[in-house]
Amino acid sequence: MDRKSFFISTFGCRANQADSAALRRSLREAGYSEARSEEKADLVIVNSCTVTHRSDQQVRQFTRRIRRNNPEARVVLTGCYAQRDPEGLGEEGFADLVIGNRRKQDLVRILDEGPAGGAGEDGCRVVWDDLSGERSYDLEPGDPGTNQTRPQLKIQDGCSASCSYCIVPLVRGPSRSVPPEQVLEGIRKYIDEGYREIVLTGIHLGIYGMNLQPRSSLDRLLEQIIELPGLGQVRISSIEPMELSRRVIDLAAGSGKIAPHFHICLQSGSDRILSAMRRPYKAAEFAELVEYVREKIPLAGIGTDVIAGFPGETEEDHQETVRYIKNLPFTYLHVFPYSDRSGTLASGMDGKIPPQVSNARCRELREISSAMKAGFMESMTGKNLQVLTLTSEVRGRRRALTGNYLDALLPRAVPGNVLVRARVKKVSGGYLKCEPCDL
């Protein structure tokens, strides 16, 4: 077939961003060119998320808009929503081609096969396989795209946990990891391409290597990564508390090569709700971990996820979570209302919380998050921080991201995609206004 233009729209997590980067690289290597928008593309790939009902809605709204604004485009729907409901999406006409998660790496070959061989009556072809038998995962270093300076490297996929609210194990399959030598080769590739920060991501990142033969672990992998010549810094994406070892924290404290930023998933400050969620820890254990991070890395950014309105959550449970969060040194929260997902244990639970109650609890938690972040930013005034410059500008200054995950601005003359030490002068409009120390 003729190689035409493509556009990828990505919904959801960092793992999806890494998957989209791999798709981008494979399409470019096959001769496709990347369009500036979905309205200008011959081929539109929608890499979907299905972790919440709102995620589904966003994907459906986006595909409807493509159909309306670019009716000649061929629409490919892949990702977690495509894995969860491939036939439904095909029958409803949201796409010309639906590809499940297991087959998305075969996108170019599937496109070359054309619409024949499995097309339904409505002309939509579905390419889907069950994920339950997945046990291996090969690294696919992606192309982050124009003007991106922080590639996501997915070193683990799938989840073998059984949290009662989560659909992810059903749409991503069981946990599997990339062998360490492949990870190191992927990082070397990004270093050679000039990237200064590489983000390690996965669905259940903390159990990296547990299924490999011989077994490995995240801390052992990090020990190898930080010794790579030319590495700027590596950042760890979100991680489960029972899997964040003290060794990883100690490495971040001592190496200077691991960004001082931990996003540790909490979900609730109530032990009763944590038990109903089937989260394998107590609130006190989580608090000890967060305090250890703060002790070892005083300027670390520490974020967490919180679900409000889980079935059976009382106002007392919610206020227990509020008090708990206020007593810990978090620097920001990601707050979500509980979203019922068919096929999960929580979906069949009694005590569903009315949306207006869940939304009110979310607002309260987000206000706390805003205050925490503002206070943390103000505390950075006068500090020297490591900063990665980006390629974009705001207010005539260079945008940047600090190691502890705060937005910053430097003089425009500072080039993009460099790591510099910078002194924080003041906080202005949601940014740390900085001046470089070593340029």
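Residues numbered from 1 in each chain as written. Predicted model: local features only at pLDDT ≥ 70, side-chain atom pairs only at ≥ 80, totals over all residues. Heavy atoms only, no water.

**Concerning the pattern of salt bridges**
Now for step 1: All told, the structure shown has 31 salt bridges when counted by the stated rule.
Now for step 2: Among the salt bridges present, the one from Asp157 reaches Arg172, with a minimum N-O distance of 3.4 Å. With Asp157 in strand 8 (residues 156–157) and Arg172 in helix 6 (residues 168–172), the pair connects residues that are 15 residues apart, well separated along the chain.
Now for step 3: For Asp157, a relative accessible area of 5% gives the class buried.
Now for step 4: Take Arg172: its relative accessible area is 2%, and that puts it in the buried class.
Now for step 5: For Glu185, the salt bridge identified is with Arg188, shortest N-O distance 3.4 Å. Taken together, the residues Glu185 and Arg188, both in helix 7 (residues 180–192) and 3 residues apart, mark about one turn of the helix.
Now for step 6: Take Glu185: its relative accessible area is 48%, and that puts it in the partly exposed class.
Now for step 7: Classification of Arg188 by relative accessible area gives partly exposed; the value is 35%.
Now for step 8: Sharing partners across several salt bridges, the network here consists of Asp19, Lys104, Lys154, Asp157, Arg172 and Arg176. (Salt bridge = Lys/Arg side-chain N within 4 Å of Asp/Glu carboxyl O. Helix = DSSP H or I, 4+ residues; strand = E, 2+ residues; numbered from the N terminus. Buried < 20%, exposed > 50% of the residue type's maximum accessible area, 1.4 Å probe, protein only.)

**A few points about unusual backbone geometry**
Now for step 1: Put simply, Gln213 and Pro214 share a cis peptide bond, and its omega is 0°.
Now for step 2: Here Pro214 lies in the loop between strand 10 (197–201) and helix 8 (218–225).
Now for step 3: The backbone of Gln267 sits at a positive phi, close to 85°, despite the residue not being glycine.
Now for step 4: In this structure, Gln267 sits in the loop between strand 12 (261–263) and helix 10 (271–277).
Now for step 5: Taking relative accessible area as the criterion, Gln267 reaches 7% and is therefore assigned buried.

**Quick notes on the confidence of the model for the chain**
Now for step 1: Taken residue by residue, the chain gives an average pLDDT of 92. The fraction at 70 or more is 94%.
Now for step 2: This model gives residues 116–121 a pLDDT under 50, and the stretch forms 7 contacts once residues within four places in sequence are excluded. (pLDDT = per-residue confidence, 0-100. Contact = heavy atoms within 4.5 Å.)

**Observations regarding the pairing of strand 16 (residues 397–402)**
Now for step 1: The element strand 16 is largely enclosed, with a buried count of 5 among its 6 residues.
Now for step 2: In sequence, strand 15 (residues 384–394) turns back onto strand 16 through a hairpin of 2 residues, with Arg395 there showing a positive phi of about 55°.
Now for step 3: Looking at chain direction, strand 16 and strand 17 (residues 407–411) are connected through 5 bridges and run antiparallel. If you follow Arg399 over to strand 17, its bridge partner there is Leu409.
Now for step 4: As consecutive antiparallel partners, strand 16 and strand 17 are separated by 4 residues, and within that stretch Tyr405 has a phi angle of approximately 70°, a positive value. (Pairing = 2+ DSSP bridges.)

**A look at the nonpolar core**
Now for step 1: By size, the foremost hydrophobic cluster in this structure holds 58 residues, and its most contacted members are Ile187, Leu222, Ile225, Phe262, Ile264 and Ile325.
Now for step 2: Here this core takes 7 residues from helix 11 (residues 283–296), the largest share from any one element.
Now for step 3: Excluding residues within four positions of it along the chain, Ile225 makes contact with Val183, Leu184, Ile187, Leu200, Leu231 and Val234. (Core = buried A, V, L, I, M, F, W, Y, C linked by side-chain atoms within 4.5 Å.)

**Describing the packing of helix 9 (residues 246–255) against helix 11**
Now for step 1: For the pair helix 9 and helix 11, the least separation of the axes is 10 Å and the interaxial angle reads 20°. It follows that helix 9 is roughly parallel to helix 11 by the angle criterion. The handedness of the crossing between helix 9 and helix 11 is right-handed. Residues Arg246, Ile249, Asp250 and Ala253 of helix 9 form the contact with helix 11, whose participating residues are Glu288, Leu289, Tyr292, Val293 and Lys296.
Now for step 2: Split by residue class, the contact of helix 9 with helix 11 holds 5 nonpolar, no polar and 4 charged. (Axes fitted to C-alpha atoms, helices over the stretch in contact; angles between N-to-C directions. Parallel < 35°, antiparallel > 145°, perpendicular 65-115°, else oblique. Left-handed = near helix turned anticlockwise from the far one by under 90°. Nonpolar A, V, L, I, M, F, W, Y, C, P; charged D, E, K, R; others polar.)

**A short note on helix 12 (residues 315–326)**
Now for step 1: Spanning 12 residues, helix 12 covers 16 Å between terminal C-alpha atoms, matching the ideal 16 Å at 1.5 Å per step.
Now for step 2: Buried residues of helix 12: Asp317, His318, Thr321, Val322, Tyr324 and Ile325, and no others. Down the axis of helix 12, the smallest arc covering the buried residues is 165°, so these residues share one side. Pointing more than 90 degrees away from the buried face of helix 12 are the exposed residues Glu316 and Lys326.
Now for step 3: Check the buried side of helix 12 and you find it contacts helix 10, helix 11, strand 13 (301–308), strand 14 (332–337) and helix 13 (355–379). (Expected span 1.5 Å × (residues − 1). Arc of directions from axis to C-beta.)

**Notes on the sheet that holds strand 6 (residues 125–127)**
Now for step 1: If you trace the 6 strands from one edge of the open sheet to the other, you get 2-1-3-4-5-6, paired in parallel fashion. The open sheet has two edge strands, strand 2 (33–34) and strand 6, and neither has a second partner.
Now for step 2: Pairing geometry for strand 4 (residues 74–79) and strand 5 (residues 97–99), over 2 bridges, is parallel. For Val76, the partnering residue across the bridge sits in strand 5 and is Leu97.
Now for step 3: With respect to the sheet, helix 1 (residues 14–29) is in contact with strand 1 (5–10), strand 2, strand 3 (43–48) and strand 4, its orientation differing from that of strand 1 by roughly 175°.
Now for step 4: Relative to the sheet, helix 2 (residues 53–69) contacts strand 1, strand 3 and strand 4, its axis offset from that of strand 3 by approximately 175°.

**A few points about helix 9**
Now for step 1: Every buried residue of helix 9 is accounted for by Val248, Ile249, Leu251 and Ala252. Summarising the axial view, the buried residues of helix 9 lie within an arc of 160°, below the 170-degree limit, and thus occupy one face.
Now for step 2: Of the surrounding elements, those touching the buried residues of helix 9 are helix 8, strand 11 (233–236), strand 12 and helix 11.
Now for step 3: One or two steps after helix 9, the chain reaches Gly256, where phi turns positive at roughly 75°.

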